[in-house]
Amino acid sequence: MSGRRHPMTSLLAAVGGALLLWSNAARSAEHRISCPPTLAPGSVQGAAPAGWRLVMPHALQLTAAGMLHGPPEEAGYLAPDENADTKQGGRSGWTQRWRFAQPHWYPTFVYCGYGGGAGTLQLFHQIPATVTECTATISKKGGTLELATFVCR
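Residues numbered from 1 in each chain as written. Predicted model: local features only at pLDDT ≥ 70, side-chain atom pairs only at ≥ 80, totals over all residues. Heavy atoms only, no water.

Here we look at the overall build of the protein chain
Then, number 1: From N to C terminus, the protein chain includes zero helices and 12 strands.
Then, number 2: Across the 153 residues that make up the protein chain, the buried fraction comes to 30%.
Then, number 3: In the protein chain, 52% of the contacts between residues at least 6 apart in sequence involve partners at least 24 apart.
Then, number 4: Accessible surface, the protein chain: about 9700 Å² in total, of which carbon and sulfur atoms supply 56%. (Helix = DSSP H or I, 4+ residues; strand = E, 2+ residues; numbered from the N terminus. Buried < 20%, exposed > 50% of the residue type's maximum accessible area, 1.4 Å probe, protein only. Contact = heavy atoms within 4.5 Å. Areas by Shrake-Rupley, 256 points an atom, 1.4 Å probe, with all protein chains shown as cover.)

Structure (structure tokens):
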């Protein structure tokens, strides 16, 4: 073979701790994004104010996940169109679905929040403008979020 990928080939990659799956198959283009359940110390780096050092001494647990419309700086958090609670054994959780009108002119992001409440620290991952629907499956055990996985089509 000449190094070309078959049109139905799927690619899997870990980017910044998020699991990404995408397919170049036009019929079933599906994007999977999973929030990392924990951010390890040292995994967050940035510019601190002059004279200060930024240090993350403890791991941060996943505390929130959802969808954002527009740039993260504008904080356009989206309410889901559907929301259903789930329970399995000692785990509880919920499934949420968002639908997007086409074309949508602003970028849309999945967000993962860490450190309490809506998430003091947040990670954002942009989804393609061709996506018309995202479904999140979020599980929790003992009051702690364990997993947040988004499937966008």
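Now that the structure is up, let's keep going.
Some points on the pairing of strand E11 (residues 133-141)
Then, number 1: Two strands pair when backbone bridges link them, and strand E8 (residues 91-99) and E11 are joined in this way by nine bridges, in the antiparallel orientation. Following the sheet pairing, Gln 96 is matched in E11 by Ala 136.
Then, number 2: Sheet topology places E11 next to strand E12 (residues 144-152); eight bridges connect them, and they run antiparallel. Bridge pairing in E12 places Thr 135 opposite Val 151.
Then, number 3: Connecting the antiparallel pair E11 and E12 is a turn made up of two residues, with Gly 142 showing a positive phi of about 60°. (Pairing = 2+ DSSP bridges.)

Examining the pattern of salt bridges
Then, number 1: Per the stated rule, a full pass over the model turns up seven salt bridges.
Then, number 2: Glu 30 is the salt-bridge partner of Arg 153, the closest N and O atoms lying 2.7 Å from each other. With Arg 153 in the segment after E12 and Glu 30 in the loop between strand E2 (18-23) and strand E3 (31-34), this pair connects stretches of sequence that are 123 residues apart.
Then, number 3: A residue is classified by how much of its surface remains accessible, and Glu 30, at 18% relative accessible area, is buried. (Salt bridge = Lys/Arg side-chain N within 4 Å of Asp/Glu carboxyl O.)

Re the pairing of E8
Then, number 1: Pairing between strand E7 (residues 82-88) and E8: seven bridges, direction antiparallel. Its bridge partner lying in E8, Ala 84 is registered against Thr 95.

As for the packing of aromatic side chains
Then, number 1: Scanning the entire structure with this criterion turns up four aromatic pairs.
Then, number 2: With a centroid separation of 6.4 Å and 85° between ring planes, the pair formed by Phe 109 and Phe 124 is classed as edge-to-face. In this pair, Phe 109 is assigned in strand E9 (residues 108-114) and Phe 124 in strand E10 (residues 121-127), connecting sequence segments 15 residues apart.
Then, number 3: By relative accessible area, which is 9% here, Phe 109 ends up buried.
Then, number 4: Here Phe 124 falls in the partly exposed class, since its relative accessible area comes to 31%.
Then, number 5: Taken together, the ring pairs in this structure connect Tyr 77, Phe 109, Tyr 111 and Phe 124 into an aromatic cluster. (Phe/Tyr/Trp six-rings, centres within 6.5 Å; stacked < 30°, edge-to-face > 60°.)

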